[in-house]
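Chain by chain, the residues:
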Amino acid sequence: MNIQAPLIIDIEGHALTAQDKKRLKNPLTGGIILFGRNWQSRAQLTALCAEIKAVRKDLLICVDHEGGRVQRFRTDGFTHLPAMRRLGEMWSQDGKGLEGEGVLKACQAATAVGYVLAAELRACGVDFSFTPVLDLDYGESSVIGDRSFHRDPRHVSLLANSLMHGLRRAGMGNCGKHFPGHGYVKADSHVDMPIDKRSLKTILKDDAKPYEWLTNELTAVMPAHVIYPKIDSQPAGFSATWIQTILREQLEFTGAVFSDDLSMAGARVLDGQAISFTQGALAALQAGCDMALLCNQSLKGSKVIDEVLDGLAEAQVKGWWQPDEISEARRLALLPSSPALAWDDLVRSVNYQQALACLP
């Protein structure tokens, strides 16, 4: 009997098809990631999430919903959340007030963003968002850009901690990304294989600092599809050195680890050779990821999801990968443990109104 459900998959439309339900019932499927194409209205999203939970209550319903340009649901009452850079800009804006007032206002706003983000998603049935971005803003990366809070890891850590406090108030976990840092490289791992040639010492004292400082607050981490050749020849998401030795042992992180999307260009090559989606999923799991994220493979009749599910099952039988009870416990720990407020109750609540008033 399978004891781990490591694959996070997607669906094509606004409701589940028979094929979707079959894939979600597979014991190797642990959750679903939603996109803008799965959105029509709050009522539709709520019905879709209920339909997913009717298939299996333990499925983790996820979304990339950070604010700024990465926000999947934007209409029908959803608040337009600021990009994280806006919070970083508030940091030094003391105005005519006391010194440090900008810091306090920025942290207050970050908490409000986290609360509104999580409370609105949970009111529609979404369990989890892949946020916050902990990458530093070097001003070079177009794919990170204003998704980053700041260049200074101290600012990033405090603002991220405040945002995560807001998420927790609404009953949602968090996911720091992209470990150990994607902000330094110019290349976009969605379409390229970024290479960061800096030393481990440099990365640990700067880019990875938020992970060290927030290790007890993070519930999940997502490694970058970036190669750091002075540390390992494999991308961080396929590297036991980064995930097991550095993240788990050195930084003492005990939460869940998600691979980044296995369909990205940075996840399609290993040791200079093109790899299949199944090989990518196995590489991530063997390196120490608890869950493998496979996006945009339900489109146009693609059979990739079925091939990966079959490939993981075969790998388990052949002993190439073994399910892990601890990994499964980490996945289940990300499910909300408290009931969510219904939308109408949420928008009338004092906490929500106060949070809206604090948004920049």
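Definitions and limits used
- Residues numbered from 1 in each chain as written.
- Predicted model: local features only at pLDDT ≥ 70, side-chain atom pairs only at ≥ 80, totals over all residues.
- Heavy atoms only, no water.
- Phe/Tyr/Trp six-rings, centres within 6.5 Å; stacked < 30°, edge-to-face > 60°.
- Buried < 20%, exposed > 50% of the residue type's maximum accessible area, 1.4 Å probe, protein only.
- Helix = DSSP H or I, 4+ residues; strand = E, 2+ residues; numbered from the N terminus.
- Lys NZ or Arg CZ within 6 Å of the ring centre and 35° of its normal.
- Contact = heavy atoms within 4.5 Å.

Would you mind showing me how to read the packing of aromatic side chains here?
In this description, a pair of aromatic rings is defined by centroid distance and the angle of the planes. Counted under the stated rule, the structure contains 11 aromatic pairs. Relative to phenylalanine 130, the ring of phenylalanine 128 lies with its centre 5.5 Å away and its plane at 85°, an arrangement referred to as edge-to-face. Judged by its relative accessible area of 0%, phenylalanine 128 falls in the buried class. For phenylalanine 130, a relative accessible area of 0% gives the class buried. Geometrically, the ring pair formed by tyrosine 228 and tryptophan 242 is edge-to-face, given 5.2 Å between the ring centres and 65° between the ring planes. Within this pair, whereas tyrosine 228 is found in the loop between strand 8 (220-223) and helix 8 (240-250), its partner tryptophan 242 is found in helix 8, the two being separated by 14 residues in sequence. Overall, the relative accessible area of 0% leaves tryptophan 242 in the buried class. When the ring centre of tyrosine 115 is taken as reference, the NZ or CZ atom of arginine 169 above it lies at 4.8 Å. Seen from the ring of tyrosine 184, arginine 198 lies directly overhead, with NZ or CZ sitting 3.9 Å from the centre.

Looking at this structure, I do not really get the environment of tryptophan 320. What am I missing?
With respect to the helices and strands, tryptophan 320 occurs in the loop between helix 10 (304-318) and helix 11 (325-333). Considered as a pair, tryptophan 320 and glycine 237 are 83 residues apart in the sequence and their alpha carbons are 18 Å apart. Setting aside its immediate chain neighbours within four residues, tryptophan 320 contacts Gln286 and Ala315.

Everything listed here is a matter of coordinates, which is why it stays silent on function.
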